[in-house]
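Commentary on secondary and tertiary structure
For reference, the chains in residue letters:
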Amino acid sequence: VLADDAPAKPKAPGLGDPGKLVSIALDSGRTKDGIITLSGRDAVQQLVITGSYDSGQTRDLTRKTTFQAEPAGVVKVDETGLITPITEGKAVVKAVAAPGVEAVVSVAVANLVTDLPINFANQITPIFTKYSCNGGGCHGKSGGQNGFRLSLLGFEPKEDFEFLVKEGKGRRLFPAAPDQSLLLLKACARLPHGGGQRIEYDSPAYRLIRRWVEQGMPYGQETDPKVTHVEVFPTERLMERETTQQIVVIAHYSDGSTEDVTRTTTFDSNDTEMAEVSVTGLVTTGQLTGSVAVMARYQ
């Protein structure tokens, strides 16, 4: 019998037909009194839309949902459920998964006119970790790489600050024209870089570094709040094969404030054959069954 004539192997059973979509839940991990607050030009918020079916099953519908923001011009919500600020004010974001199945959340935008100072250890160092700039195989190894070094995985942010700002006669950073800083030109491969392109031009990471350079590269104050811990939402989820689940990472600070740091968090799956996770926190399962864990590391 030729292989092409062999009977098709039956597909392993999955969770079955989920049934009819009954409702959706809109979660951000940091909604307080029904409001999400975006503070600062680079603040973002990832939404997670969970659908509940009459069979009792739940599914991630984040990328199958239509988002609308009213009034227009306050915030933008893209097809992945990421909210970004446009101007200061208040808006209502509505998520529609099916006719009659929707959820809403209020969003307040502040501190766009007043530029909030960036804290180097809290906000810039995690970017180097996420994109492996300070890894042992790159600038984080002993002696650095091509004359530029960083502390391994950002454990010594004060040293990293010295390396960036004061070494190399200041040629790595250019406050008068931040986009012409060598750090950014090489990171997004607009100049030759042995490590290749690490970040996309005008991405959230790029804009944050550019704003830090624009501000004159502040290190931050000793009184600035510090990250105490991070949380991941959802904490657990039963998934079908070859499906996706968006996760959100929230940083908690010593002053009680919270921030969505999903886009600057490093993700690792403990079994990439079962599930992989993208740089934006999207988990994608494969064909294997079992349990898989995703680690989210910030700072």
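Since the model is a prediction, treat every value here as computed from it, not as a measurement.

**Digging into the sheet that holds strand S2 (residues 35-39)**
- With respect to topology, four strands assemble into an open sheet ordered S2-S10-S9-S6, the strand pairing being mixed. Every other strand in the sheet has two partners, leaving S2 and strand S6 (66-70) as the edge strands with one partner each. Averaged over all neighbouring strand pairs, the angle between strand axes comes to 25°, with direction disregarded.
- Where strand S9 (residues 89-98) and strand S10 (residues 101-110) come together, nine bridges link them in antiparallel fashion. Residue pairing for S10: Val 96 is matched across the bridge by Glu 102.

**With respect to the environment of Gly 34**
- Of note, Gly 34 is situated in the loop between strand S1 (21-27) and S2.
- A C-alpha to C-alpha distance of 20 Å links Gly 34 and Thr 65, two positions 31 residues apart in sequence.

**Overview of unusual backbone geometry**
- With an omega of -5°, the peptide bond running from Glu 70 to Pro 71 counts as cis.
- With respect to the helices and strands, the residue Pro 71 is situated in the loop between S6 and strand S7 (75-77).
- In this chain, Phe 233 is followed by Pro 234 through a cis amide linkage whose omega measures -10°.
- Position of Pro 234 among the secondary structure elements: in the loop between strand S11 (227-233) and strand S12 (244-246).
- Phi at Glu 242 takes a positive value of approximately 50°, unusual for a residue other than glycine.
- Along the polypeptide, Glu 242 turns up in the loop between S11 and S12.
- You will see that Gln 299, though not glycine, has its phi angle at about 60°, which is positive.
- Among the structural elements, Gln 299 can be located in the segment after strand S18 (294-297).

Cut-offs applied
- Residues numbered from 1 in each chain as written.
- Predicted model: local features only at pLDDT ≥ 70, side-chain atom pairs only at ≥ 80, totals over all residues.
- Heavy atoms only, no water.
- Pairing = 2+ DSSP bridges.
- Helix = DSSP H or I, 4+ residues; strand = E, 2+ residues; numbered from the N terminus.
- Axes fitted to C-alpha atoms, helices over the stretch in contact; angles between N-to-C directions.

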